[in-house]
Amino acid sequence: MTSPSRSGVFQQATDRRVERFTESISFDRRLYAHDIAASIAHAQMLATVGLISEAEARLIEATLQAIGQEIEGGQFEYHVELEDIHMHLEKELVGRLGDVGRKLHTGRSRNDQVATDLRLWVRDALDRVDGRLLQLQAAFVNRCDRDAGVVLPAYTHLQRAQPVLAAHYWLAYCEKFERDRSRLADCRKRVNVCSLGAAAVAGTSLPIDRDDVARRLGFAGVAANSLDVSSDRDFVLEAAFVLTLIAEHLSTWAEEWILWSTVEFNFLQLPQEFCTGSSIMPQKINPDVLELTRGKTARVVGDLQTLLVLVKGLPLAYNRDLQEDKPALFDAFDTVEACLELAAPLVAGAELKGEAIAQRLDRGYLDATTLMEYLIRRGLPQRTAHHLVGSLVARAMQQGVRLSDLPLEDFRAADATLDEHVFGVLGVDNAVRAFVSCGSTAPQEVARQVASWRIKLGLCDGEPR
Ligand code: ARG
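Keep in mind the model is a prediction, meaning the values are calculated, not measured. (Residues numbered from 1 in each chain as written. Predicted model: local features only at pLDDT ≥ 70, side-chain atom pairs only at ≥ 80, totals over all residues. Heavy atoms only, no water.)

Novice: Honestly, the overall build of the protein in this entry has me stumped. Any pointers?
Specialist: Helices and strands together make up the secondary structure of the protein, namely 19 helices and 6 strands. Projected onto the principal axes, the alpha-carbon positions of the protein cover approximately 100 × 55 × 45 Å. Relative to its 465 residues, the protein shows a buried fraction of 49%. Within the protein, residue pairs in contact and separated by at least 24 positions form 75% of the contacts whose partners lie at least 6 positions apart. When the 52 basic and 65 acidic side-chain charges of the protein are each reduced to a single mean position, those positions are 1 Å apart. (Helix = DSSP H or I, 4+ residues; strand = E, 2+ residues; numbered from the N terminus. Buried < 20%, exposed > 50% of the residue type's maximum accessible area, 1.4 Å probe, protein only. Contact = heavy atoms within 4.5 Å. Lys, Arg positive; Asp, Glu negative; His and termini not counted. Charge placed at Lys NZ, Arg CZ, Asp CG, Glu CD.)

Novice: I tried to follow the site of the ligand on my own but got confused; where do I start?
Specialist: With respect to spatial proximity, the complete set of residues near the ligand consists of Ser-24, Asp-84, His-86, Arg-110, Asn-111, Val-114, Tyr-318, Gln-323 and Lys-326. One nitrogen or oxygen atom from the side chain of Gln-323 is found 2.8 Å from a nitrogen atom belonging to the ligand. Taking Lys-326, its side chain carries an N or O atom lying 2.9 Å from an oxygen atom of the ligand. If the ligand stood free it would expose 340 Å²; the protein chains cover 86% of that surface. (Near = heavy atom within 4 Å. Polar contact = N/O pair within 3.5 Å; in protein donor to acceptor, adjacent residues only side chain to side chain. Areas by Shrake-Rupley, 256 points an atom, 1.4 Å probe, with all protein chains shown as cover.)

Novice: Just checking my understanding: could you explain helix 11 (residues 234–260) for this structure?
Specialist: Compared with an ideal rise of 1.5 Å per residue, which puts 27 residues at 39 Å, helix 11 spans 39 Å between its outermost C-alpha atoms and is within 8% of the ideal. Where burial is concerned, most of helix 11 is hidden: 19 out of the 27 residues are buried. (Expected span 1.5 Å × (residues − 1).)

Novice: Hey, could you run me through helix 15 (residues 368–377) in this one?
Specialist: Within an α-helix, residues lying three or four positions from one another point in the same direction, as the helix has 3.6 residues per turn. Buried within helix 15 are the following residues: Ala-368, Thr-370, Leu-371, Met-372, Tyr-374 and Leu-375. Gly-379 sits one or two positions beyond helix 15 and adopts a positive phi of about 110 degrees.

Novice: When you look at the side chain of Lys-326 in this model, what are you seeing that I'm missing?
Specialist: Within the fold, Lys-326 resides in helix 13 (residues 325–349). Contact partners of Lys-326, with chain neighbours within four places excluded, come to Phe-27, Asp-28, Leu-31, Val-114 and Leu-118.

Novice: Looking at this structure, I do not really get the packing of helix 7 (residues 110–146) against helix 8 (residues 166–191). What am I missing?
Specialist: Two packed helices can be described by the angle between their axes and the distance between those axes. At a closest axis distance of 9 Å, the pairing of helix 7 and helix 8 adopts a crossing angle of 165 degrees. Between helix 7 and helix 8, the angle falls in the class roughly antiparallel. The hand of the helix 7/helix 8 crossing is left-handed. When its residues are assigned to classes, the contact of helix 7 with helix 8 shows 18 nonpolar, 1 polar and 10 charged. (Axes fitted to C-alpha atoms, helices over the stretch in contact; angles between N-to-C directions. Parallel < 35°, antiparallel > 145°, perpendicular 65-115°, else oblique. Left-handed = near helix turned anticlockwise from the far one by under 90°. Nonpolar A, V, L, I, M, F, W, Y, C, P; charged D, E, K, R; others polar.)

Novice: I keep staring at the nonpolar core and nothing clicks. Help me out?
Specialist: If you look at soluble globular proteins, the nonpolar side chains tend to sit buried side by side. Within the largest apolar cluster, 114 residues are counted, with the highest numbers of intra-cluster contacts made by Phe-140, Ile-246, Trp-253, Trp-257, Trp-260 and Phe-333. Residues contacting Ile-246, with those up to four places away along its chain left out, are Val-129, Leu-133, Asp-180, Leu-184, Val-336 and Leu-340. If you look at the next biggest cluster of nonpolar residues, it comprises 20 residues, including Tyr-365, Leu-371, Met-372 and Tyr-374. (Core = buried A, V, L, I, M, F, W, Y, C linked by side-chain atoms within 4.5 Å.)

Novice: Got a minute to help me understand the pairing of strand 2 (residues 159–165) in this structure?
Specialist: Remark: a regular strand shows side chains that alternate across the two faces of the sheet. Strand direction decides the pairing type here: strand 1 (residues 151–156) and strand 2, joined by 6 bridges, are antiparallel. If you follow Val-151 over to strand 2, its bridge partner there is Leu-165. If you look at the hairpin formed by strand 1 and strand 2, you'll find 2 residues sitting between the two strands, and His-157 has a positive phi there, around 55 degrees. (Pairing = 2+ DSSP bridges.)

Novice: When you look at the packing of helix 8 against helix 19 (residues 443–456) in this model, what are you seeing that I'm missing?
Specialist: Their axes nearest at 11 Å, the elements helix 8 and helix 19 cross at an angle of 40 degrees. It follows that helix 8 is oblique to helix 19 by the angle criterion. Helix 8 and helix 19 meet at a crossing whose hand is left-handed. Here helix 8 contributes Ala-167, His-168, Leu-171, Cys-174, Glu-175 and Glu-178 to the contact with helix 19, which in turn contributes Val-446, Gln-449, Val-450, Trp-453 and Lys-456. Partitioned by chemical class, the residues of the contact of helix 8 with helix 19 number 6 nonpolar, 2 polar and 3 charged.

Novice: Please clarify how a nonpolar patch on the surface should be interpreted in this entry.
Specialist: Where nonpolar side chains cluster on the molecular surface, the patch consists of Val-201, Leu-227 and Leu-316 and spans about 250 Å² of accessible area. Summarising the element assignment, Val-201 is placed in the loop between strand 3 (193–194) and helix 9 (210–216). (Patch = residues over 30% accessible without salt bridge, like charges linked within 9 Å, V, L, I, M, F, W, Y side chains within 5 Å. Salt bridge = Lys/Arg side-chain N within 4 Å of Asp/Glu carboxyl O.)

Novice: What's the story with the pattern of salt bridges in this structure? I'm lost.
Specialist: Side chains that differ in charge, positive against negative, can pair when their charged atoms come close. Going through the model one piece at a time under the given rule, you end up with 32 salt bridges. The partner of Asp-232 in a salt bridge is Arg-119, with the nearest N and O atoms 3.0 Å apart. In this pair, Asp-232 is assigned in the loop between helix 10 (226–229) and helix 11 and Arg-119 in helix 7, connecting sequence segments 113 residues apart. Relative accessible area serves as the criterion here: at 14%, Asp-232 is assigned to the buried category. Judged by its relative accessible area of 2%, Arg-119 is buried. Through salt bridges with shared partners, a single network forms among Glu-83, Asp-84, Arg-110 and Arg-320.

Novice: Just checking my understanding: could you explain the packing of aromatic side chains for this structure?
Specialist: Any pair of aromatic rings gets described here by the distance separating the centres and the angle formed by the planes. What the rule picks out here adds up to 16 aromatic pairs. When the ring of Phe-76 is compared with that of Tyr-78, the centres are 5.3 Å apart and the planes differ by 70 degrees; the resulting orientation is edge-to-face. Looking at Tyr-78, the relative accessible area reads 24%, which means it is partly exposed. When the centroid spacing of 5.8 Å and the interplanar angle of 65 degrees are considered together, the rings of Trp-260 and Phe-267 count as edge-to-face. Comparing Trp-260 with Phe-267, the two get one shared label, buried. (Phe/Tyr/Trp six-rings, centres within 6.5 Å; stacked < 30°, edge-to-face > 60°.)

Novice: Hey, could you run me through the side chain of Asp-331 in this one?
Specialist: Inspection of the secondary structure puts Asp-331 in helix 13. Overall, Asp-331 belongs to the buried group, its relative accessible area being 17%. In terms of polar contacts, Asp-331 uses its side chain to reach the side chain of Arg-299, at 2.3 Å.

Novice: Help me understand unusual backbone geometry, please; the structure alone is not making it clear to me.
Specialist: Backbone phi values are negative for most residues with the exception of glycine, while trans is the configuration of most peptide bonds. Omega for the bond connecting Leu-316 with Ala-317 falls within 30 degrees of zero, at 0 degrees, which places this linkage in the cis form. Counting through the fold element by element, Ala-317 comes out in the loop between helix 12 (288–311) and helix 13. A positive phi angle, near 55 degrees, is found at His-157, a position not held by glycine. Here His-157 shows up in the loop between strand 1 and strand 2. Residue classification places His-157 among the exposed residues on the basis of a relative accessible area of 74%.

As structure tokens, this is what we get:
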């Protein structure tokens, strides 16, 4: 089978090994629906400007749709000698329509065609990821009521630091994923520009209407410079970066929950449906989904790296190197979407071990900073208060007790003006209630934020709108 791109200039057939080496149909077949949509819009535009007749455009549209259905139904055959999805669809169209099919490629090239297909594909994929992130945020927000009142240690340097509400943890992840969603939306703006009409590199002498095609495909506008647009893969790299950051956020969450689910932490029970067993140790319930979420992040970072190196040093404009963008791009989306698909139900299905956590909150002097701030409110300079509380902690440590177990005399030895009211700021519950600042774990502040997240995510009955 000869490729439609092999013109009369060739006297020799392509070497079979070259066909195998240069093909992209094995991976770009995923673009078929977007290629068909772009071709139909292009044909309709050609009819509007009079380069083909309305009847021809209708015939092309109906035939491409029929071919699309056959692909959908798995009845379409692919051949490496036809190189890519664009050639496959055109060859099939010409096979069915003859000369009418031969008119479709008027005023366009595969260079602007592949860029357009890719933009359409990425636009849909960004929207899918956004929907998944929304579900994940909803799963975290829905936990806030369930875990109301549960206090957890917050860590810095993975050392116990201060007590926080569990909901404060959940909303921290919502914030990260909200920034990811805003990056997706921002990336989408630069994706949503039409490349079609740039033709091979310089535009065309034919009277095409680029705005018409852009409108039909739902693009916000047309790319201004034909030379730029056929080489531009910024939007692919941007999407890959946004995905990388999402994967990094998922990975840190996964790492935290892997730790929390250990016997050593004993904070969290993972849903058994999301765990796997060991082939030799019968007692094992392993957090493999979380581990692979963490592990698969490496692939996404690798995909971004591939794309960055791919475009480095390419002269204007289209170069065949760009064909290699697709495996990395598809893999980044597939990987992140697969992780997100499991993340939301895993978040919903896990259980905090409230009692076990509460029993161990007394360790680690989580109320020390609140005591220091109490002394500051009573007029001590911060450094003095910091030093005094440090000495009290050292004393409590020597005796193996909590700060609240020290007798009043110890507090008065540190600061003679203290009385029994000092015990009102000790213990994690008192410490949590003492917070007041905006963005802190103060219960009323967290409640206010939970309420505003519910509105933002459209959570009426617990489901995203
Ligand atoms: N398969 C090619 C790609 O993915 C399509 C564009 C080919 N253009 C060309 N002039 N050979 O980039």
